[in-house]
Amino acid sequence: MADLQPDNPYAPDRFPDPNKHVEFPEEAKKRFDWILTRYPTKEAALLPTLHLAQEVWGWISPEVVHYVGNLLDLSPATVFGVVSFYNMYNQKPVGKYHLQVCTNLSCMVTRAYDIYDHLCEKLSVHPGGTTKDGLYTVVEVECLGSCGTAPVVQVNNDYHESMDVVKMDALLEILK
Amino acid sequence: MAKVTIDGNEVEVQDGINVIEAAKAADIHVPHFCYHPSLSVVGQCRMCLVEVEGMAKLQAGCATPVKDGMKIHVWNDKVDKARRGQMEFLLINHPLDCPICDKAGECPLQDYSFNYGNVDSRYGEFKRTYPGMDRTAIGPHVIQNMNRCIHCTRCIRFTAEITGTSELAFFKRGASTEVGVFPGTPLDNWMSACVTDICPTGALTPREFRFESRVWNLDVTESVCNGCDVGCNIFIGHRNGQVYRYRPRVNPDVNDHWLCDYGRFSYEQYETDRVVVPKVRTEDDYLGISTWDEALEAIGRAYRDAKNTFAILSAQMTNEEASAAKALFDRIGSRTGVMVDPIGPIKMKSRTEWLLGTQAGPNFRGVSKVIGDGANVDNLLTNGADGIDVLYICDALFSERAKDPAVIASLRKAKFLIVHSWDANHPLCDVADVLIPGAIHPEKEGTYTNLQGREQQIHQAFTPKGQAITDLDTFRRISERLFELAEVSA
């Protein structure tokens, strides 16, 4: 049943593992303390704390949701509500290189789907999937706000503009 | 105070309250889903749109405070059109499965869809559904059907503002927004089933009442919960002498709109074997079925020569029963005492303050006031009823300790033991010399005094089972037997 409903939040694999201990490393703890000083309430520090957590672990796991909730005195449901609202919080583990292909209007008419399909085929992953070696994750995203230089591929936090299939191959070579 | 005109009726209301509350003062109903008097205002459902003269657009009634001289139209063509439009939007994705829905009959969405809904939808696409989320157990008492949800956030605000536990939240966004609990933290707080009352659709239903009965087939009696001494006001939903559910009855000073799970499902204790006939212990030590006459005769015989007698009253008795019992036992010359178990504490939020229920009986304060300086029951339970000729226990459930074999043994040291009980499985029933069938709380009429000293009325939902009668009648019968008949024969 679980694989038929991949987005079901009650699927058994979405339950936090009580045996998994999650804690910020020392350096991240210092940054967290700094984040807290910048906001009037603890709740307001939720978004940057989640960004920090994603930087540390790469994705927001159920255990991290509990951990962040405890840090900020919020319920896990409230934290997960925020995590699931924003697309850029990863709810699944992602590869080392997170290839985000914009397929919104401007990119689509400049053949973004060629890039996207090519990537999926070349890396032999399903759309939204991660390669077996854990190096690449290919996802389709909505407008990245760089329509003037469409099509755009965002790799982790960097934009690669005016892309095509050849340039994409060259980029993959560099990323290896 | 502000003078406002609502649909031509001029009413004077408090300054700053919203249009929905002001319209209530004029006895006019403003349809709404997300607004709830005890929760914060979000203005999410847009169902309460009203026309305010001088304002260009329709205003949300819940979020518009009244001002002096305001002219408000709740029921005119313009508002009606807006409401119909809003209703059409809400019904686009609602499954309209009222025939199999437990909420049907008391569902605001159903009522308004009857008033404003179109017969057929103009929407040609498929309805949005939440696969696999149509019967999710999100907590021990609450089943969620996400397909029926209209996203009013009442339940989310309830867990955030009233219980402060925030188990529920919106997940995802846009058309796929869903209400849910985070895996591993279920909706498990002491008032969790309240979300099923405030849910304006059948999205959240209490597991205990699912598919038990259609709500319109239930008789409704106003009563007071007997779970603890807070005395929450309830409606008893019952049919053919069976309780199907308790539902909170609004009382801003006691329980506001809420009812705790312990109290709400406390009717389940009545789903047991009942004592329906009196029983009297015969000479060969057999507790056999008897007639009321034989039972009263046995009680009369026991009291005739008794010197040292004792009566344990119960915190489950109404004030009237306690008075009758006090009058009877004073006339007999019996000592009386009452005790209550500590419980909880159960928290209950009235409109203004938190109340803490700490006693397992609803009326300990009332009963102790009636009997004044009572004898010590605790001493009796621990040290034994030695030397007591007749011990009268007015309710076998006067304390949980009465189920303890050691306590039963010490109570049994009395020469003659009379017990009232409705629970046939109570161990005290087996050791009694005379067993009187008692009435449960929905079978009684009377008043309870709660922790605020507020006397609240309970009403009889149905008559007692079998040959059981209320304690009030029992004491009257005993009194007749002991005194009036004695006078006649003398």
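Counting from 1, residues in each chain are numbered in the order their sequence is written. Labels are handed out in written order, letters beginning with A for the chains and numbers beginning with 1 for the ligands. Residues qualify for local features only when their pLDDT is at least 70, as the model is predicted, and side-chain atom pairs are given and counted only at 80 or more; totals for whole chains, interfaces and linings, by contrast, use all residues. Think of the side-chain values as coming from all heavy atoms in the structure, minus any hydrogens and water.

1. A few points about the overall build of chain A
So the rule is basically this: The numbering of helices and of strands both runs from the N terminus, where a helix is a DSSP run of H or I of at least 4 residues and a strand a run of E of at least 2. Only protein chains enter the accessibility calculation, which uses a 1.4 Å probe; a residue is then buried when its area is under 20% of its type maximum, exposed when over 50%, and partly exposed in between. Every residue pair with non-hydrogen atoms within 4.5 Å of one another is taken to be in contact. Computed by Shrake-Rupley with a 1.4 Å probe, the accessible areas treat only the displayed protein chains as cover when residues are assessed.
The helix and strand tally for chain A stands at seven helices and four strands. With the C-alpha coordinates of chain A rotated into their principal frame, the extents come out at 50 × 40 × 30 Å. Expressed as a percentage of the 176 residues in chain A, the buried residues total 45%. A separation of at least 24 residues holds for 60% of the contacts in chain A among residues at least 6 apart in sequence. Counting only carbon and sulfur atoms, one obtains 55% of the accessible surface of chain A, whose full area is about 10,000 Å².

2. Section: the overall build of chain B
To keep things clear, this is the line we draw: In summary, the charge assignment counts Lys and Arg as positive and Asp and Glu as negative, without counting His or the chain termini. Every charge is mapped onto a representative atom, which is NZ of Lys, CZ of Arg, CG of Asp or CD of Glu.
The number of helices and strands found in chain B is 13 helices and 24 strands. Seen through its principal axes, chain B has C-alpha atoms that stretch 85 × 50 × 35 Å. The contacts in chain B between residues at least 6 apart in sequence include a share of 65% that link residues at least 24 apart. Total accessible area on chain B is roughly 21,000 Å²; 50% of this is exposed by carbon and sulfur atoms. Here chain B contributes 53 positively and 65 negatively charged side chains, and the mean placements of these two sets differ by 5 Å.

3. Observations concerning the layout of surface pockets
Residue and element names in this part refer to chain B. Note the threshold: Space inside and on the surface of the protein is sampled on a 1 Å grid over the protein atoms alone, with a cavity defined as a set of points where a 1.4 Å probe fits but cannot get out and a pocket as an open set with protein on both sides within 12 Å along at least 5 of 7 lines; lining residues have an atom within 4 Å of a point. Grid points are joined across faces, edges and corners, and a volume is the space filled by probe spheres set on the points. Source of the domain bounds: an automatic or database domain assignment.
Looking at the second largest pocket, its volume works out to about 840 Å³. Along the wall of the second largest pocket there are 36 residues; nearest its centre are E106, R154, D197, I198 and R247. Listed by contribution, the elements that provide at least two residues to the lining of the second largest pocket are α3 (108-116), α5 (194-198), β10 (204-206) and β13 (242-248). The residue makeup of the lining of the second largest pocket includes at least three contributed by each of domain 1 (2-75) and domain 2 (129-270).

4. Digging into the interface of chain B and chain A
Rules: Buried area is a sum: the accessible area each of two parts loses on coming together, probed at 1.4 Å, counted once for each and added. Salt bridge criterion: a side-chain nitrogen from Lys or Arg within 4 Å of a carboxyl oxygen from Asp or Glu. Here a polar contact is recorded for every N or O atom pair within 3.5 Å, except that within protein the pair must consist of a potential hydrogen donor and a potential acceptor, and residues adjacent in sequence are included only if both atoms are side-chain atoms.
Facing the 23 residues of chain B at the interface are 20 residues of chain A. The largest share of the area that chain B buries against chain A comes from R173(B), F182(B) and P183(B), three residues that together contribute 40% of it. Summed over the shared surface of chain B and chain A, the result is zero salt bridges. Taken together, the links from chain B to chain A amount to four residue pairs in polar contact (both at pLDDT 80 or more).

5. Considerations on the domain arrangement of chain A
Partitioning chain A into structural domains gives domain 1 (12-85) and domain 2 (97-175). Distance between the C-alpha centres of domain 1 of chain A and domain 2 of chain A: 28 Å.

6. Here we look at a negative patch on the surface
Put simply, the rule reads: What goes into a patch is any residue over 30% in relative accessible area without a salt bridge, connected to like charges within 9 Å or, for nonpolar side chains (Val, Leu, Ile, Met, Phe, Trp, Tyr), within 5 Å.
Among the surface-exposed residues, D117(A), E121(A), E140(A) and E142(A) lie close enough to one another that they form a single negatively charged patch. Among the structural elements, E142(A) can be located in the loop between β2 (136-141) and β3 (153-155).

7. Thoughts on the pattern of salt bridges
Residues and elements named next belong to chain B. The final tally for this structure, using the stated rule, is 32 salt bridges over all chains. A salt bridge links E297 to R481, with the shortest nitrogen-to-oxygen separation between them at 2.8 Å. Placement of the pair is E297 in helix α7 (residues 292-304) and R481 in helix α13 (residues 471-489), with a sequence separation of 184 residues. A relative accessible area of 31% places E297 in the partly exposed class. The shortest N-O distance in the salt bridge between R476 and E480 comes to 3.9 Å. One end of the pair, R476, and the other, E480, are both in helix α13, four residues apart, so they sit about a helical turn from each other. According to the relative accessible area criterion, E480 is partly exposed, its value standing at 39%. Here the salt bridges do not stand alone but share partners, grouping R281, D285, R412 and D433 into one network.

8. Side note on α3(B)
All names here are of chain B. Stated formally: The arc under discussion is defined with respect to the helix axis, by the directions toward the C-beta atoms.
Among all positions in α3, only L109, Y112, S113 and Y116 are buried. All buried residues of α3 lie within an arc of 105° about the axis, which places them on one face of the element. Each element contacted by the buried residues of α3 is listed here: α2 (77-93).

9. Quick look at the environment of C101(B)
All names here are of chain B. With respect to the secondary-structure elements, C101 resides in the loop between α2 and α3. Between the alpha carbons of C101 and E283 there is a distance of 58 Å; along the sequence they are 182 residues apart. Among all residues touching C101, those that are not within four sequence positions of it are R148, G202 and R214.

10. A few points about the sheet that holds strand β17 (residues 335-339) of chain B
Residue and element names in this part refer to chain B. The condition is simple: Pairing between strands is defined by DSSP: at least two bridges between the two strands are required. Axis definition: a line fitted to C-alpha atoms, over the contacting stretch in the case of helices. Angles run 0 to 180 degrees between N-to-C directions.
Ordered by their spatial adjacency, seven strands build an open sheet running β15-β14-β22-β21-β20-β16-β17, and the pairing between neighbours is mixed. Taken across any chain shown, the strands that pair with only one partner, and hence form the sheet edges, are β15 (287-289) and β17. In this sheet, neighbouring strand axes are inclined to one another by 15° on average, regardless of whether the strands run parallel or antiparallel. Across three bridges, strand β14 (residues 279-281) lies against β15 in antiparallel orientation. Bridge pairing in β15 links K279 to I289. Where α7 meets the sheet, it contacts β14, β16 (309-314), β20 (390-393), β21 (416-421) and β22 (434-437), and its direction lies at approximately 130° from that of β22. Relative to β16, helix α8 (residues 319-332) is tilted by about 175°, and along the sheet it contacts β16, β17 and β20.

11. Some details on the side chain of E443(B)
Residues and elements named next belong to chain B. Residue position: E443 is located in the loop between β22 and β23 (446-449). Here R274 takes part through its side chain, which lies 2.9 Å from a polar atom of the side chain of E443. When neighbours within four sequence positions are excluded, E443 is seen to be in contact with R274, G438, Q460, F462, T463, P464, K465 and T470.

12. A word on the nonpolar core
All names here are of chain B. Applied cut-off: As used here, the term nonpolar core means buried Ala, Val, Leu, Ile, Met, Phe, Trp, Tyr and Cys residues forming a set that is joined through side-chain atoms within 4.5 Å.
Counting residues in each nonpolar core, the largest one holds 47 residues, and the members touching the most others are F158, L168, M191, V195, Y246 and W258. For this core, the elements supplying multiple residues, two or more each, are α4 (154-162), β9 (178-181), α5, β12 (233-239), β13 and β18 (342-349). It is α4 that provides the largest number of residues to this core, a total of four residues. Residue assignment places this core across two domains, with domain 2 (129-270) and domain 3 (279-489) each supplying three or more. Setting aside chain neighbours within four positions, we find W258 in contact with H36, S38, L39, F158, I162, M191, C194, I198, P248, M348 and K349. The next biggest cluster of nonpolar side chains, apart from the first, holds 30 residues, and it includes I299, A302, V367 and I418.

13. Section: the packing of helix α6 (residues 112-122) of chain A against helix α7 (residues 165-175) of chain A
Residues and elements named next belong to chain A. As a reminder of what qualifies: Roughly parallel here means an angle under 35 degrees, roughly antiparallel means over 145, roughly perpendicular means 65 to 115, and every remaining angle is called oblique. Crossing chirality is assigned from the near helix's rotation relative to the far helix, an anticlockwise turn below a right angle marking it left-handed and a clockwise turn marking it right-handed. Only Asp, Glu, Lys and Arg are considered charged in this grouping, and only Ala, Val, Leu, Ile, Met, Phe, Trp, Tyr, Cys and Pro are considered nonpolar; every other residue, Gly among them, is considered polar.
Two elements in contact, α6 and α7, have axes whose closest approach is 9 Å; the angle formed by their N-to-C orientations is 40°. Judged on the interaxial angle alone, α7 and α6 are oblique. The chirality of how α6 crosses α7 is right-handed. The residues of α7 that touch α6, namely those facing D114, I115, H118, L119 and K122, are V165, M168, D169 and L172. Counted by class, the contact of α6 with α7 contains five nonpolar, one polar and three charged residues.

14. Examining the packing of α8(B) against helix α9 (residues 364-371) of chain B
Helix packing geometry: the angle between the two helix axes and the distance between the axes. All names here are of chain B. The geometry of α8 relative to α9 is characterised by a closest axis approach of 9 Å and an angle of 25° between their N-to-C directions. In terms of orientation, α8 and α9 fall into the roughly parallel class. Along this stretch, α8 crosses α9, giving a crossing that reads as right-handed. The residues of α9 that touch α8, namely those facing N319, A322, S323 and K326, are G366, V367, V370 and I371.

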